[in-house]
Amino acid sequence: EYGIVRPKGYNVTFHTNPEMEKHHFGQTHPMKPWRLTLSKSLIMSYGMPFAMDNYIARAANFEELNNYHTQDYLDYLGTVLPEPVPRDVESANPDLKFNLGGSDCPLFEGLYDYCSMSAGGSLDAARKVCNREADIAISWGGGLHHAKKAEASGFCYINDIVLAILQLLRCYPRVLYIDIDVHHGDGVEEAFFSTDRVMTCSFHKYDPCNFFPGTGALEDNGPKNEMNAGAHHAVNVPLNDGITDDQYAWLFDSVIGKIVETFRPSAIALQCGADSLAGDRLGRFNLQVQGHGQCVAYCKKLGLPMILFGGGGYTPRNVARAWSWETAISLQCEDKIDKTIPEHTPWREHFRQEELLPSLEQILGEARPNKNPQKRIQEIVQHVHEQLRFVQH
Ligand code: ZLM
Ligand code: CA
Ligand code: ZN
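Quick look at the structure, then. (Residues numbered from 1 in each chain as written. Chains lettered and ligands numbered in written order. Predicted model: local features only at pLDDT ≥ 70, side-chain atom pairs only at ≥ 80, totals over all residues. Heavy atoms only, no water.)

1. Concerning the coordination of the zinc ion (ligand 3)
Each angle at a metal carrying four tetrahedral donors should ideally be 109.5 degrees, and each at a metal carrying six octahedral donors should ideally be 90 or 180 degrees.
No. 1: The protein atoms donating to the zinc ion (ligand 3) are Asp-181 (OD), His-183 (ND1) and Asp-275 (OD), with metal-donor distances spanning 1.9 to 2.0 Å.
No. 2: Every donor residue of the zinc ion (ligand 3) comes from the same chain, spaced as D-x1-H-x91-D.
No. 3: Look at His-183 and you get buried, because its relative accessible area is 7%. (Donors = N, O, S within 2.8 Å, 3.2 Å for Na, K, Ca; no water. Buried < 20%, exposed > 50% of the residue type's maximum accessible area, 1.4 Å probe, protein only.)

2. As for the side chain of Ser-39
No. 1: If you trace the backbone, Ser-39 turns up in helix 1 (residues 35-45).
No. 2: Engagement of the side chain of Ser-39 in a polar contact is seen with the backbone oxygen of Arg-35, the distance being 2.7 Å.
No. 3: Those residues in contact with Ser-39, other than ones at most four positions away along the chain, are Val-319, Ala-320, Trp-323 and Ser-324. (Helix = DSSP H or I, 4+ residues; strand = E, 2+ residues; numbered from the N terminus. Polar contact = N/O pair within 3.5 Å; in protein donor to acceptor, adjacent residues only side chain to side chain. Contact = heavy atoms within 4.5 Å.)

3. Regarding the environment of Trp-347
No. 1: Mapped onto the secondary structure, Trp-347 falls in helix 10 (residues 346-350).
No. 2: Along the primary structure Trp-347 and Arg-317 are separated by 30 residues, whereas in three dimensions their C-alpha atoms are 8.7 Å apart.
No. 3: Ignoring sequence-local partners within four residues, the contact set of Trp-347 consists of Leu-38, Ser-41, Leu-42, Arg-317, Ala-320, Arg-321, Ile-341 and Pro-358.

4. Notes on the coordination of the calcium ion (ligand 2)
No. 1: Bound to the calcium ion (ligand 2) are the protein donor atoms Asp-179 (O), Asp-179 (OD), Asp-181 (O), His-183 (O), Ser-202 (OG) and Phe-203 (O), situated 2.5 to 3.0 Å from the metal.
No. 2: Read in sequence order, the donor residues for the calcium ion (ligand 2) give the motif D-x1-D-x1-H-x18-S-F. Placement of the pair is His-183 in the loop between strand 4 (175-179) and helix 6 (186-191) and Phe-203 in strand 5 (residues 198-205), with a sequence separation of 20 residues. Comparing His-183 with Phe-203 shows no difference in burial state: the two are buried.

In structure tokens:
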């Protein structure tokens with residue numbers, strides 16, 4: 001009814017698993033898998049599924065997870081059971097194995113299934129991009145960028161992004177990883193630290209003592225040893241509270257433009273964490289749906305095969321707005337959709353009391369004061385351009 005048609009000349013695949021969305025990290029934990037249900041239903045209410053190939057993501061198997069994660073970590077993850085009484089305080093559980101069972105990475109019912117479904121969606125997406133069956137493949141249930149080889153971290157247990165990039169590397173010589181989540185993409189940076197086949201670039205709030213995970217300084221650009229192939233192949237864009245759409249777009253275009261020129265990626269993996277939006281429960285930035293989506297639009301214009309991953313995002317209605325808008329950008333139907341949330345959707349019903357005419361673009365939450373002086377933004381671009389003089393492919 002919205003007349004969303006398949007984009008001419010290319011294909012989008014969409015990978016979700018409704019089973020994944022039913023899992024709970026705990027009553028007040030900020031990570032709410034049902035934000036995926038909200039996003040999916042908004043995307044459906046716009047009729048977007050008619051214009052793409054929709055797949056139910058299968059669960060990744062042990063062998064696939066073992067392509068990055070260690071056997072002993074996976075064995076433990078697969079057998080450990082939740083505590084009968086949930087514990088909220090780390091001090092109550094001093095010997096956390098593999099960083100599991102604290103308040104950030106709690107043990108919950110069906111944890112292993114949740115992790116393997118998230119990874120399965122991202123692996124399916126990577127295979128579609130490898131087979132050239134997808135120009136853009138979307139895995140909003142993935143993007144769990146903090147998980148380490150043998151450790152859970154920051155709400156992430158299995159690094160679906162690393163697994164998907166390893167798959168892309170089987171068919172593409174060089175992959176560019178871009179991370180617009182408000183947190184530093186430390187797990188992905190670490191996994192590809194010593195290779196020149198993957199360049200990682202994270203934009204994040206940086207305040208080593210007060211903001212998780214505390215890594216990702218401007219000067220952290222990979223191994224310091226020039227003989228290591230990974231030298232200069234990690235780009236970090238540390239930011240302060242309140243960055244706006246205009247500043248972010250200028251930074252993004254300057255940094256990614258230069259990376260594409262020097263690194264010459266053959267495929268892109270873009271983590272679209274929605275906690276960089278204004279009004280996020282954990283985030284600190286001032287991005288609007290428009291500014292967040294600009295990053296997706298910029299990458300799409302490069303015309304390279306691409307995977308879009310989810311990630312953070314702790315104000316579920318805003319997450320649904322951003323990921324719906326970015327699905328529309330992928331389908332090139334931004335101009336065809338009505339910015340007023342469709343009336344007959346479970347989504348509209350859900351929020352009727354709060355917003356009379358909820359709009360796709362108008363996000364919830366107060367603006368934060370901008371603590372990013374223009375001079376600092378220019379310094380960052382200057383540093384990145386100097387760093388990239390060492391990169392030539
Ligand atoms: N405490 N409950 C982003 C991952 C961010 C580490 C400080 C826990 C929280 C947070 C958990 C219900 C991504 C840290 C925080 C309080 C040690 C973080 C449980 C509230 C709650 O109410 C909460 C009891 C919890 C956790 C806040 N944790 C906020 N920030 C970060 C991890 C993940 O978006 O990048 C990708 C998906 N952790 O700051 C502490 C140091 C644990
Ligand atoms: Ca980031
Ligand atoms: Zn985050």
